[in-house]
Amino acid sequence: MARKIVITSGKGGVGKTTICANLGVMLAKLNKRVVLVDVDIGLNNLDVVTGIENKIVFDIVDVIENKCRIKQALIQDLNYPNLYIMPSAHSYNCSLVTAENVKKVINQLNDYFDFVLIDCPAGIDEPFKRAVCGADEALVVVTPHLSSLRDADKVLMILNSYNITDISLIVNRVRGDMILDKEMIDANKIAEILNVKLCGIIPEDDNISVLLSLGRTVNKGCEAYSAFTILANNMFEDKKKLYDCTTKYKGFLGYFKRSLRKKV
Amino acid sequence: MRFEQKCINRLKNILKQDKERLSVPMLNMIKSDIYMSLNSYFDIHPEDINLKYFIDENGYYALDIGIKCNRIKKINFFNK
């Protein structure tokens, strides 16, 4: 029986798709069978982030419309054989794409995978409901900015009315230097204010922008790699370990880096 | 005040302002459920229940339930 986890946020652009892809890769590295399902119909990007945009033949809408079998819409990742992606469509004009039908598709993946990661669209309207109704667990992604946190609070309120057994928070794009200089709200404080369990902290990493453009996920040369590894392990651990973004900015050298950042 | 603390205060204010207010129909439903629950133990009427709520500084909903009655109902406890 798969764990069906929706990755949502409310606000767009906080890193849901990036986290979905990278978490999927890390879980696949732990020998789990993982499928990433892009439920963002119309503004889909999971294919671009994972580099499969030229390999799409069938997508989730084709499955719902019975134009193909579900296995035909799954694209296997070249680097991680345990990882599959079900892409979304660019547009649809079909009354069949309802929350119930999306849920049926996700349930069909139960027997084949250990994890079903659902990439949710931004917003809290019908597309959001389509993504959430098929999930048992939720990961709410925020950045340490007021607009993101405000939207996440609304999402948390809505998620409580669904059949979601476990809701956790991931704080993305955290700047360790700004945390130490008290210019950014700490992730633990964010979780306390939103009254939700903190599951992961992902640092701001310029390498991610570069890798996204190439359709690749994080590698060992990135600071975020360690953070995503810890996040993947947290999926199995009751006691969550969290990545410390401030480590490299502590001590004399760290202080020097922070001072230099302000001057340059 | 430090920047971080200003942000935190501002965030708390925004979240508090955004909290959904309990509508009158919803309050009436809660009152009705409370009445149905307590009517098993107390001799009360729906009008005897006074319900107030507010949102505190931390964004928590606080519900004050006031009930007055002059009689409790006899309850049979079955001893094994």
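From a predicted model like this one, the values you see are computed outputs, not experimental measurements. (Residues numbered from 1 in each chain as written. Chains lettered and ligands numbered in written order. Predicted model: local features only at pLDDT ≥ 70, side-chain atom pairs only at ≥ 80, totals over all residues. Heavy atoms only, no water.)

1. Considering the nonpolar core
Inference 1: Ranked by size, the top nonpolar core spans 101 residues in total, and within it Met86(A) and Leu169(A) carry the most contacts.
Inference 2: The greatest single-element share of this core, amounting to eight residues, is contributed by helix H1 (residues 16–29) of chain A.
Inference 3: Filtering out sequence-adjacent residues up to four positions away, Leu169(A) remains in contact with Val140(A), Val142(A), Ile190(A), Ala191(A), Leu194(A), Val196(A), Lys197(A), Leu198(A), Cys199(A) and Gly200(A).
Inference 4: One finds Leu27(B), Ile34(B), Ile44(B) and Leu51(B) within the second-largest nonpolar core, a separate group that totals six residues. (Core = buried A, V, L, I, M, F, W, Y, C linked by side-chain atoms within 4.5 Å. Buried < 20%, exposed > 50% of the residue type's maximum accessible area, 1.4 Å probe, protein only. Helix = DSSP H or I, 4+ residues; strand = E, 2+ residues; numbered from the N terminus. Contact = heavy atoms within 4.5 Å.)

2. Examining the interface of chain A and chain B
Inference 1: On the side of chain B, 14 residues touch chain A, which itself brings 15 residues to the contact.
Inference 2: Summed over both sides, the interface between chain A and chain B buries roughly 1400 Å², with carbon and sulfur atoms accounting for 70% of that surface.
Inference 3: Area buried by chain A at its contact with chain B is led by Leu146(A), Lys182(A) and Ile193(A), which between them contribute 41% of it.
Inference 4: The tally of links between chain A and chain B comes to three salt bridges.
Inference 5: For the salt bridge of Arg150(A) with Asp18(B), the shortest nitrogen-to-oxygen distance reads 2.5 Å.
Inference 6: Linking chain A with chain B are two residue pairs in polar contact (both at pLDDT 80 or more).
Inference 7: For the side of chain A that touches chain B, the secondary-structure elements that each account for two or more residues are helix H6 (146–159) and helix H8 (187–194) of chain A.
Inference 8: The greatest single-element share of the side of chain A that touches chain B, amounting to six residues, is contributed by H6(A).
Inference 9: Along the lines of polarity and charge, the residues of the side of chain A that touches chain B split into seven nonpolar, one polar and seven charged. (Buried area = accessible area lost by both parts, 1.4 Å probe. Salt bridge = Lys/Arg side-chain N within 4 Å of Asp/Glu carboxyl O. Polar contact = N/O pair within 3.5 Å; in protein donor to acceptor, adjacent residues only side chain to side chain. Nonpolar A, V, L, I, M, F, W, Y, C, P; charged D, E, K, R; others polar.)

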